[in-house]
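Residue strings, one per chain:
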Protein chains: 2
Amino acid sequence: MRRESTQRATGLAKAKQNLKWQRDPEGMRLRILEAAKQEFSAHGLAGARVDRIAAKAGANKRMLYYHVGNKDELYLAVLEGAYDKIRSEERGLDLEHLDPPEAIRRLIEFTWNYFLRNPEFLSLLQTENLARAKHLKRSTKVKSMHSPFVEMIRTVVRRGVDSGDFQVAVDPVQLYISIAALSFFYLSNSATLSVIFGRDLLAKDAKDERLAHMVGLVVAALTGRSAALFEIAKAPKSRAAVAQTV
Amino acid sequence: MRRESTQRATGLAKAKQNLKWQRDPEGMRLRILEAAKQEFSAHGLAGARVDRIAAKAGANKRMLYYHVGNKDELYLAVLEGAYDKIRSEERGLDLEHLDPPEAIRRLIEFTWNYFLRNPEFLSLLQTENLARAKHLKRSTKVKSMHSPFVEMIRTVVRRGVDSGDFQVAVDPVQLYISIAALSFFYLSNSATLSVIFGRDLLAKDAKDERLAHMVGLVVAALTGRSAALFEIAKAPKSRAAVAQTV
DNA sequence: ACAGTATTTATCCAACGGGTTAATTACTCC
DNA sequence: GGAGTAATTAACCCGTTGGATAAATACTGT
């Protein structure tokens, strides 16, 4: 019954009988990781329940240990997968061929939309940081995938300075952290912020407003032309300016 | 033994004999909340252990329930205390009497230094957001303490626009969220960011650099004069520019 | 068709963790 | 100095939870 929903990962897909049940190790592993992602992001590391993960994956608890490992290893696997996904999508942004201010806007919009589309990513990072990156430090995969990304941003900044669009050569790492921060904090803390400020920060209009604000802030700072950009920000009626990036 | 360290809250302080032990309900409550703050911020909500809190407070587990309540109530009490503390310090910032750009710089520096001095505050907020503000929503105290704060910022922005220092009248809530975001994300995620970017973001120089970057970014965006500010940012040798705000 | 292996299930358990109960001790006020 | 109350302690309860064991079942190559 449960096997009907998961395609066999092996292309051969024999479409066998399922008199009782079929085996599906690859599919099982994926379902476990997906279930674990949901569980860890919903309840944190300590709050996550191994049994719930198993149930959600339509599996037996023993399967987790068989296919991945104990709770911590499972968590690290999920985390690595999450980083892999965002960095690989970023690689497709193609910032090299845009003029610098547009490239920055694009990066901000992508980051914002990615975080919106993948709220579990935010939770996972929060959880990992509460654990002071204990797990991530043991990962070799993750460290390697970031220098190309930084170089991509560095190039944009340099091009912007050369063309006269940008007034300063900011450190690409600082810039990216700031861009990520503006989206990340707003979204990851939207629950408490909504309470203390008495606004629903996740309402459609509020989100549009936020994106416009962030783009205005960063691009204005880099180019020195604040007024024009922020004015756009004040009347974000047109959905075009807020289009999905991916 | 343990009572020697805590002054009696009742001014009368009889300096009695401590043949065995004295009572100290107020002190006990404070010690419990302090211990709970540490425990919750170090391990999150689910990861926190009631027994450890008791031990750390030099108390019996039963005391927590007697003086505060169950784990959730304890957590909410800690959270409310944390909000109370930062908002009350902010009230002393006296932004009204500074010229607008300086006031913004001051707010950024305060926020940054406060987060640096109170890392548990960051953890607590992260934890609460992972719980989708479930506890905070039940709190009546917290909601009320924020509108004055927003008005304070609104006034600064308005003055800045009137004086011509600022080129745009940004929404004070957006502005504050952005200011908080730039510091919060950097610090709360410093563990994972340090790993993926291969830099120690908490090293002294890195922190100075970050503060300069944030001030440059925000003030430049508001005033439209990026170059000057960011140039300062690139040579933050003088500690004066990075002085403690509180 | 059969032996061997990979995958999955059905149980079990010891430690843990939040919370409670009941007894004990310090303090207050008369 | 003693009754009544507030604060504190010690011990226990019981559902939960991560993890382990061993048996069963599907699959593979021969």
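Each remark here, short or long, concerns the structure printed above.
K.L.:
Honestly, the nonpolar core in this entry has me stumped. Any pointers?
P.N.:
Inside soluble globular proteins, nonpolar side chains tend to come together where they are buried. Counting 158 residues, the largest nonpolar core has F40 and I104 of chain A together with F40 and I104 of chain B as the members making the most contacts within it. With residues near it in sequence (within four places) discarded, I104 of chain A still touches V156, F166, L175, I179, V218, V219 and L222 of chain A.

K.L.:
Honestly, the packing of aromatic side chains in this entry has me stumped. Any pointers?
P.N.:
Any two aromatic rings considered together are summarised by their centre-to-centre distance and by the angle between their planes. By the definition in use, this model includes 20 aromatic pairs over all chains. Their ring planes at 85° and their centres at 4.8 Å tell us that F149 of chain A and Y176 of chain A sit as a pair that is edge-to-face. A residue pair is termed long-range when its members are at least 10 positions apart, and F149 of chain A in helix 8 (residues 147-163) and Y176 of chain A in helix 9 (residues 172-188) qualify at 27 residues. The exposure class of F149 of chain A is buried, given its relative accessible area of 6%. Ring pairs connect the aromatic residues Y83, F110, Y114, F115, F121 and F184 of chain A together with F185 of chain B, which therefore count as one cluster. The positively charged end of R87 of chain A is found above the aromatic ring belonging to F149 of chain A, 4.9 Å away from the centroid.

K.L.:
Can you walk me through helix 10 (residues 190-197) of chain A in this structure?
P.N.:
Each turn of an α-helix holds 3.6 residues, which means side chains three or four residues apart point in the same direction. In terms of burial, helix 10 of chain A is a largely internal element, 8 of the 8 residues being buried. S190, A191, T192, L193, S194, V195, I196 and F197 of chain A are the residues of helix 10 of chain A that are buried. In this structure, the buried side of helix 10 of chain A is in contact with helix 9 of chain A together with helix 4 (71-91), helix 6 (119-130), helix 7 (141-144), helix 8 (147-163) and helix 9 (172-188) of chain B. G198 of chain A sits one or two residues past helix 10 of chain A and shows a positive phi near 65°.

K.L.:
Looking at this structure, I do not really get the relation of the copies chain A and chain B. What am I missing?
P.N.:
What relates the two chain copies is a rotation about an axis together with a slide along it. Of the transformation placing chain A onto chain B, the axial shift is 0.0 Å and the rotation is 180°, giving an RMSD of 0.1 Å. Classification of the inter-copy transformation places it as that of a two-fold axis.

K.L.:
For this particular structure, what's the right way to read the environment of A181 of chain A?
P.N.:
As for its placement among the helices and strands, A181 of chain A is situated in helix 9. Counting along the chain gives 70 residues from A181 of chain A to T111 of chain A, while the straight-line C-alpha distance between them is 9.9 Å. Dropping the residues within four chain positions of it, A181 of chain A is found in contact with Y186 of chain A together with A181, L182 and F185 of chain B.

K.L.:
I'm lost on helix 9 of chain B in this one. Help?
P.N.:
Residue and element names in this part refer to chain B. In a regular helix each residue adds 1.5 Å, so 17 residues correspond to 24 Å; helix 9 covers 23 Å between its end C-alpha atoms and thus fits that length. Most pronounced at A181, the bend in helix 9 amounts to some 30°. Within helix 9, 17 of the 17 residues are buried, which leaves the element mostly enclosed by the surrounding structure. With a side-chain oxygen positioned 3.0 Å from the backbone nitrogen of V173, the residue opening helix 9 is D171.

K.L.:
Before we go on, may I ask you to explain the interface of chain A and chain B in this structure?
P.N.:
Where the parts come together, the accessible area they lose is often given as the size of the interface. Taken together, the 63 residues of chain A in the interface contact 63 residues of chain B. A combined buried area of about 5,200 Å² lies between chain A and chain B, and 68% of that area is made up of carbon and sulfur atoms. On the surface where chain A and chain B come into contact, there are 2 salt bridges. Of the charged contacts, one joins R199 of chain B and D171 of chain A as a salt bridge, the two residues approaching to 3.1 Å between their closest N and O atoms. Secondary-structure elements contributing two or more residues to the side of chain A that touches chain B are helix 1 (25-47), helix 4 (71-91), helix 6 (119-130), helix 7 (141-144), helix 9, helix 10, helix 11 (204-223) and helix 12 (226-234) of chain A. Looking at side-chain class alone, the side of chain A that touches chain B contains 35 nonpolar, 17 polar and 11 charged residues.

Each value, and the rule that gives it
- Residues numbered from 1 in each chain as written.
- Chains lettered and ligands numbered in written order.
- Predicted model: local features only at pLDDT ≥ 70, side-chain atom pairs only at ≥ 80, totals over all residues.
- Heavy atoms only, no water.
- Core = buried A, V, L, I, M, F, W, Y, C linked by side-chain atoms within 4.5 Å.
- Buried < 20%, exposed > 50% of the residue type's maximum accessible area, 1.4 Å probe, protein only.
- Contact = heavy atoms within 4.5 Å.
- Phe/Tyr/Trp six-rings, centres within 6.5 Å; stacked < 30°, edge-to-face > 60°.
- Helix = DSSP H or I, 4+ residues; strand = E, 2+ residues; numbered from the N terminus.
- Lys NZ or Arg CZ within 6 Å of the ring centre and 35° of its normal.
- Least-squares fit on C-alpha atoms with pLDDT ≥ 70 in both.
- Expected span 1.5 Å × (residues − 1).
- Bend = angle between axes of the 7 residues up to and from the residue.
- Polar contact = N/O pair within 3.5 Å; in protein donor to acceptor, adjacent residues only side chain to side chain.
- Buried area = accessible area lost by both parts, 1.4 Å probe.
- Salt bridge = Lys/Arg side-chain N within 4 Å of Asp/Glu carboxyl O.
- Nonpolar A, V, L, I, M, F, W, Y, C, P; charged D, E, K, R; others polar.

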